[in-house]
Amino acid sequence: MPHPLELSYNWRTPVLFASIAATICVGALARGQAPGWLPALIVVVALWVLIVALIYLRTRAYLMVDGSRLTVRRFRNFHTIEAADLVAVAEFVTPNGPSYRLTVRGQDGETTRVVAPVALLRGGHSALFTWILGQAPQAQLDKGSRKTAERLKTRGLIR
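Predicted, not measured: the structure shown is a model, and the values here were computed from it. (Residues numbered from 1 in each chain as written. Predicted model: local features only at pLDDT ≥ 70, side-chain atom pairs only at ≥ 80, totals over all residues. Heavy atoms only, no water.)

**Details of the packing of aromatic side chains**
Our working definition: For Phe, Tyr and Trp, rings pair up if their centres lie within 6.5 Å, where Trp contributes its six-membered ring, and each pair is then called stacked (planes under 30 degrees apart), edge-to-face (over 60) or tilted (otherwise). Strands are runs of DSSP state E lasting at least 2 residues, helices are runs of H or I lasting at least 4, and numbering of each runs from the N terminus. Exposure classes here rest on a 1.4 Å probe applied to the protein chains alone. A residue is buried below 20% of its type maximum, exposed above 50%, and partly exposed in between.
Within the structure shown, the criterion is met by 2 aromatic pairs. Centroid distance Tyr 62 to Phe 78: 4.9 Å. Interplanar angle 90 degrees. Geometry classified as edge-to-face. Of this pair, Tyr 62 sits in strand β1 (residues 62-66) while Phe 78 sits in strand β3 (residues 78-82); the two residues are 16 residues apart in sequence, bridging distant segments of the chain. Judged by relative accessible area, Tyr 62 falls into the buried class, the value being 17%.

Here's what the structure looks like:
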């Protein structure tokens, strides 16, 4: 039975510290009630919501390999890709490391791009490239993807 990969970071700690900091700021603003404290309070709460929302979106990363099928989710929707439908792989850089745009041919012949957020998942790079090289060797890899595949082979993380 296949299992999705685990997140590569602890999201609870940043949420805890952001919440503590926001609580302290809200408490200080409410207690002091200096002129303009209410707009400042709204800004603090809005920033806290923004930070927690960004952390939540990062926790939505998902990748699962099931034979010739790859299921990914970046933020909201799940996308299941058959190995035979994978056309190309393009690397793009994120603050957490490289992730990949997979170009997939649909049943209607149209191509779509699906993001595989492997930088946010433990073992994401090796799982993705093991699947690509083993199940979808026809896929065109861009320069960055080829370098990553070679680096993973050199380190012994893939064959």
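Further notes follow.
**So, the environment of Gly 106**
If you trace the backbone, Gly 106 turns up in the loop between β5 (97-105) and β6 (111-116). Judged by relative accessible area, which is 32%, Gly 106 ranks as partly exposed. Sequence separation of Gly 106 and Glu 82 is 24 residues, and the distance between their C-alpha atoms is 9.6 Å.

**Observations regarding the nonpolar core**
As a reminder, the rule being used: Buried residues of nine kinds, namely Ala, Val, Leu, Ile, Met, Phe, Trp, Tyr and Cys, make up a nonpolar core once their side-chain atoms join them within 4.5 Å.
The biggest cluster of nonpolar side chains holds 28 residues, and the ones touching the most others in it are Leu 63, Leu 86, Leu 102 and Leu 128. The set of elements that each furnish at least two residues to this core consists of β2 (69-73), β4 (86-94), β5, β6, α3 (124-135) and α4 (143-154). Broken down by element, this core gets its largest block of residues, 5 residues, from α3.

**Quick notes on the pattern of salt bridges**
The line we're drawing: Any carboxyl oxygen of Asp or Glu within 4 Å of a side-chain nitrogen of Lys or Arg constitutes a salt bridge here.
Considering all chains together, one arrives at 3 salt bridges under this definition. We note a salt bridge from Arg 122 to Glu 6, for which the minimum N-O separation is 3.0 Å. Residue Arg 122 is located in the loop between β6 and α3, and its partner Glu 6 is located in the segment before α1 (12-32); the two are separated by 116 residues in the primary sequence. Glu 82 serves as the salt-bridge partner of Arg 69, at 4.0 Å between the closest nitrogen and oxygen. Taken together, the residues span a long stretch of sequence, with Arg 69 in strand β2 and Glu 82 in strand β3 at a distance of 13 residues.

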